[in-house]
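Summary of structural features
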Amino acid sequence: MIRTVVCEKEGCDGNGFHICTEDNNLILICKECETRYSFDVSYYDFIMLSSCSYCSNDTFKVFKDTEKEGIYAKCMKCGNPPEKIYIDSDGNQVSYENKRLNDIREMIYRLDQRICNMETRLESLQNGQELLEESLAYINKFMSK
Ligand SMILES: [Zn+2]
Ligand SMILES: [Zn+2]
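These lines cover the structure that appears in this document, whether it is placed above or below.

Rules used throughout
Each chain carries its own residue numbering, running from 1 in the written order of its sequence. Whichever chain is written first becomes A and whichever ligand is written first becomes 1, with later ones labelled in order. Residues qualify for local features only when their pLDDT is at least 70, as the model is predicted, and side-chain atom pairs are given and counted only at 80 or more; totals for whole chains, interfaces and linings, by contrast, use all residues. Helix and strand assignments come from DSSP, with helices taken as H or I runs of at least 4 residues and strands as E runs of at least 2, each series counted from the N terminus. For a compact globule the rule gives 2.2 Å times the number of residues to the power 0.38, and the radius of gyration it is set against comes from C-alpha atoms. We treat two strands as partners when DSSP finds at least two bridges between them. Under the convention used throughout, the expected extent of a helix is 1.5 Å for every residue step, that is, one less than its residue count. Between the buried cut of 20 or more and the exposed cut of 12 or fewer other C-beta atoms within 10 Å of a residue's own C-beta lies the partly exposed class, and all C-beta atoms are placed from the backbone. Our contact criterion uses C-beta atoms placed from the backbone: two residues qualify when those atoms are within 7 Å.

1. Structural notes on the overall build of the protein
- In terms of helices and strands, the protein carries 1 helix and 9 strands.
- Overall, the protein shows an N-to-C arrangement of helices and strands of β-β-β-β-β-β-β-β-β-α.
- The C-alpha radius of gyration computed for the protein amounts to 28 Å, which surpasses the reference 15 Å derived for 145 residues by more than 25%, pointing to a less compact arrangement than a globule.
- Overall, the protein is about 105 × 30 × 25 Å in size when its C-alpha atoms are taken along their principal axes.

Here it is in structure tokens:
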């Protein structure tokens, strides 16, 4: 279930947060009372930045998936997610475009591997076929004697 994160401080029901990332934690700071909340987001391969990817607003509504890992932020003005920086497999920070490019490269490489495997299997099938034909020819020769 997706739950809206609301400030838990007594007397405050703020649901707008400033966000920032420290180490592997996403830090939410209530816009009303400045109470800080920390969420472990080490499972994400990206870092959320403090401002909206679309309008640069810095206040977000935050949603949390209670069943599986997942925390989402939506700009309070325009509903877009915050700007993100991705971490590639070497631990470098890359833009979304670069991350996509790397993913596509990886996918093409894997496809290539699969085609290669299929070719090998086809080849061995073909070899099998030839062997079968040879045996049949041999049997035919044997029978016709
Ligand atoms: Zn608050
Ligand atoms: Zn926005």
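Picking up where we left off.
2. Some words on the sheet that holds strand β9 (residues 93-94)
- Taken together, 3 strands build an open sheet; the order of strands is β5-β8-β9 and the sheet is antiparallel. With one partner strand each, in any of the chains shown, β5 (46-52) and β9 form the two edges of the open sheet.
- Direction of pairing for β5 relative to strand β8 (residues 82-87): antiparallel, over a ladder of 4 bridges. Its bridge partner being in β8, Cys-52 is matched across the sheet by Pro-82.

3. Notes on the pairing of strand β2 (residues 17-22)
- Examined bridge by bridge, β2 and strand β3 (residues 25-30) share 6 bridges and lie antiparallel to one another. Residue pairing for β3: Thr-21 is matched across the bridge by Leu-26.
- The hairpin turn running from β2 into β3, its antiparallel successor, is 2 residues long, and Asp-23 in that turn takes a positive phi close to 55 degrees.

4. A look at helix α1 (residues 96-143)
- The end-to-end C-alpha distance of α1 is 69 Å, a good match for the 70 Å that 48 residues give at a rise of 1.5 Å each.
- For α1, the tally of buried residues reaches only 0 of 48 residues, placing the bulk of the element at the surface.

5. Some details on the environment of Glu-83
- Structurally, Glu-83 is set in strand β8.
- Assessed through the 17 C-beta atoms surrounding it within 10 Å, Glu-83 is described here as partly exposed.
- Apart from the residues within four sequence positions on either side, Glu-83 is in contact with Leu-49, Ser-51 and Ser-53.

6. Quick notes on unusual backbone geometry
- Look at Asp-23: it is not a glycine, yet its phi comes out positive at around 55 degrees.
- Considering the arrangement of structural elements, one finds Asp-23 in the loop between β2 and β3.
- For Glu-34, which is not glycine, the phi dihedral falls at a positive 65 degrees.
- Looking at the secondary structure, you find Glu-34 in the loop between β3 and β4 (36-40).

7. Looking at the pairing of β8
- In the sheet, β8 pairs with β9 via 2 bridges, with the strands oriented antiparallel. Paired with Ile-87 across the strands is Gln-93, a residue of β9.
- Once β8 ends, the chain turns through 5 residues before running back antiparallel as β9, passing Gly-91 with a positive phi of about 85 degrees.

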